Amino acid sequence: TPKGTCLQAVNLAIDIGYRHIDGAFVYQNENEVGEAIRANIAEGKVKREDIYYCGKLWNTCHPPELVRPTLEKTLRTLGLDYVDLYIVELPMAFKPGDETYPRDGNGKFLYHKTDLCATWEALEECKDAGLVKSLGVSNFNRRQLELILNKPGLKHKPTTNQVECHPYFTQPKLLEFCRQHGIVIVGYSPIGTCRDASW
């Protein structure tokens with residue numbers, strides 16, 4: 001969106017009562033989102049604890065040594081001391097580096113072998129350090145959730161799984177599995193989606 005549009009949208013959202021802000025590094029607007037949150041706090045319209053901010057760990061940052069620096073960069077960009085929820089955006093990793101969507105010479109995505117359990121352990125350390133209040137995942141199926149839930153030494157289980165969920169794609173089996181394990185489904189595209197052809 002044009003510069004300033006996101007800032008204006010978040011200010012308006014807070015004015016009319018929105019308190020859950022779903023953000024991500026890959027949206028490339030964390031600076032404006034953070035500016036709006038901080039301005040509303042400074043003006044006394046809200047307190048920090050009134051805002052529930054969700055951030056996301058992008059695919060190029062799954063190696064454990066990249067997890068905390070990535071979250072810390074998000075916090076600096078937002079100008080916040082912590083995020084309320086930090087989720088693994090996708091269960092597969094891209095090749096680490098500066099490219100958000102790394103591709104080879106033929107335009108194919110460059111994937112990276114990842115150990116979701118090692119990534120999760122690095123996230124648990126971020127929670128223990130007070131950088132995040134809750135941990136979650138996004139676009140995880142049952143098998144991928146079980147990898148985390150059955151991880152030896154699990155300290156903090158996923159509190160949420162953000163997935164596409166709406167009347168045309170209800171995901172009843174995944175919803176029931178998550179209910180059984182105390183994982184809240186956060187539905188994106190809640191009134192459906194036009195389905196980008198590249199998906």
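Details of the structure are given in the entry above.
First, a word on what this report is: a plain description of the structure on this page. Only a predicted model underlies this, so the values are computations on that prediction, with no experimental measurement involved.

Right, let's get into helix α6 (residues 172-180). Those residues of α6 not exposed but buried are Leu174, Phe177 and Cys178. The buried residues of α6 occupy an angular sector of 95 degrees when projected down its axis, which confines them to one face. α6 presents Pro172, Arg179 and Gln180 as exposed residues on the side facing more than 90 degrees away from its buried surface. Against the buried residues of α6 lie α5 (142-149), β7 (160-164) and β8 (184-188).

Core analysis: the largest hydrophobic core is formed by 38 residues, its most contacted members being Ile21, Val33, Ile37, Leu71, Val83 and Leu145. When residues in this core are grouped by element, the largest group, 5 residues, is from helix α4 (residues 116-128). If we ignore the near neighbours within four places in the chain, the residues touching Ile37 are Ile14, Ile21, Ile51, Tyr53 and Leu80.

Counted by the stated rule, this structure contains 7 aromatic pairs. Plain terms: the ring middles of Phe94 and Tyr101 are 6.2 Å apart, the flat faces sit at 55 degrees to each other, and that makes the pair tilted. Among the residues examined, Phe94 registers a relative accessible area of 4% and is labelled buried. Each ring, one from Tyr101 and one from Phe109, has its centre 6.3 Å from the other, and the planes form 45 degrees; the classification is tilted. Using a relative accessible area of 42% as the deciding quantity, one classes Tyr101 as partly exposed. Three or more aromatic residues link up through ring pairs in this structure, and these residues are Trp58, Phe94, Tyr101, Phe109 and Tyr111. The side chain of Arg48 reaches across the aromatic face of Tyr82, ending 4.1 Å from its centre. Stacked on the ring of Phe109, the Lys or Arg Arg103 has its end atom at 4.1 Å from the ring centre.

How each quantity is defined
- Residues numbered from 1 in each chain as written.
- Predicted model: local features only at pLDDT ≥ 70, side-chain atom pairs only at ≥ 80, totals over all residues.
- Heavy atoms only, no water.
- Buried < 20%, exposed > 50% of the residue type's maximum accessible area, 1.4 Å probe, protein only.
- Helix = DSSP H or I, 4+ residues; strand = E, 2+ residues; numbered from the N terminus.
- Arc of directions from axis to C-beta.
- Contact = heavy atoms within 4.5 Å.
- Core = buried A, V, L, I, M, F, W, Y, C linked by side-chain atoms within 4.5 Å.
- Phe/Tyr/Trp six-rings, centres within 6.5 Å; stacked < 30°, edge-to-face > 60°.
- Lys NZ or Arg CZ within 6 Å of the ring centre and 35° of its normal.

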